[in-house]
Amino acid sequence: MNSQTVYAEGKGSVDVQLTPDEALSLTGVEFNGNPKIKSEAQRKIRSAFEKTFDFNSDTK
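Conventions we followed
- Residues numbered from 1 in each chain as written.
- Predicted model: local features only at pLDDT ≥ 70, side-chain atom pairs only at ≥ 80, totals over all residues.
- Heavy atoms only, no water.
- pLDDT = per-residue confidence, 0-100.
- Helix = DSSP H or I, 4+ residues; strand = E, 2+ residues; numbered from the N terminus.
- Buried < 20%, exposed > 50% of the residue type's maximum accessible area, 1.4 Å probe, protein only.
- Contact = heavy atoms within 4.5 Å.
- Expected span 1.5 Å × (residues − 1).
- Arc of directions from axis to C-beta.
- Salt bridge = Lys/Arg side-chain N within 4 Å of Asp/Glu carboxyl O.

**Re the confidence of the model for the protein chain**
Per-chain confidence: the protein chain averages 82 in pLDDT, with 72% of residues scoring 70 or above. For the protein chain, per-element mean pLDDT is lowest for strand β1 (residues 2–8), which scores 57, and highest for helix α1 (residues 20–25), which scores 96.

**Here's the deal with the side chain of Glu22**
You can see Glu22 is positioned in helix α1. Relative accessible area serves as the criterion here: at 6%, Glu22 is assigned to the buried category. Contacts of Glu22, omitting those with residues within four sequence positions, involve Gln17, Ile37, Glu40, Ala41 and Lys44.

**Considerations on helix α2 (residues 36–52)**
Helix length check: α2 (17 residues) gives 24 Å between terminal C-alpha atoms against 24 Å at 1.5 Å per residue, within 8%. For α2, the complete set of buried residues consists of Ile37, Ala41, Lys44 and Ala48. The buried residues of α2 all sit within an arc of 60° when viewed along its axis, so they share a single face. Every exposed residue of α2 that faces more than 90 degrees away from the buried side is listed here: Lys36 and Glu50. Contact partners of the buried residues in α2: β2 (12–18) and α1.

**What about the side chain of Ser25?**
Note that Ser25 resides in helix α1. The exposure class of Ser25 is buried, given its relative accessible area of 2%. Once you skip the residues sitting within four places of it in the chain, Ser25 turns out to touch Phe31, Ile37, Lys38 and Ala41.

**Thoughts on the pattern of salt bridges**
In this structure the tally under the stated criterion is 2 salt bridges. Here Glu40 and Arg43 are joined by a salt bridge, their closest N and O atoms 2.6 Å apart. Note that Glu40 and Arg43 are positioned in helix α2 at a spacing of 3 residues, about one turn of the helix. Exposure remark for Arg43: the relative accessible area of 40% places this residue in the partly exposed category.

The structure is reproduced here in structure tokens:
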């Protein structure tokens, strides 16, 4: 598996393990034989962000 590091402005980074098919699906390539590939990649990214960043803090 390959990893992709996404840098958030001054807040660290997020490491997500994606298969080559998952990475391609996020660029717009469609896999008609398995339409769940894109949703699985999105789920992995969302989960990694939720584990890394606190979205529930009240910052005003």
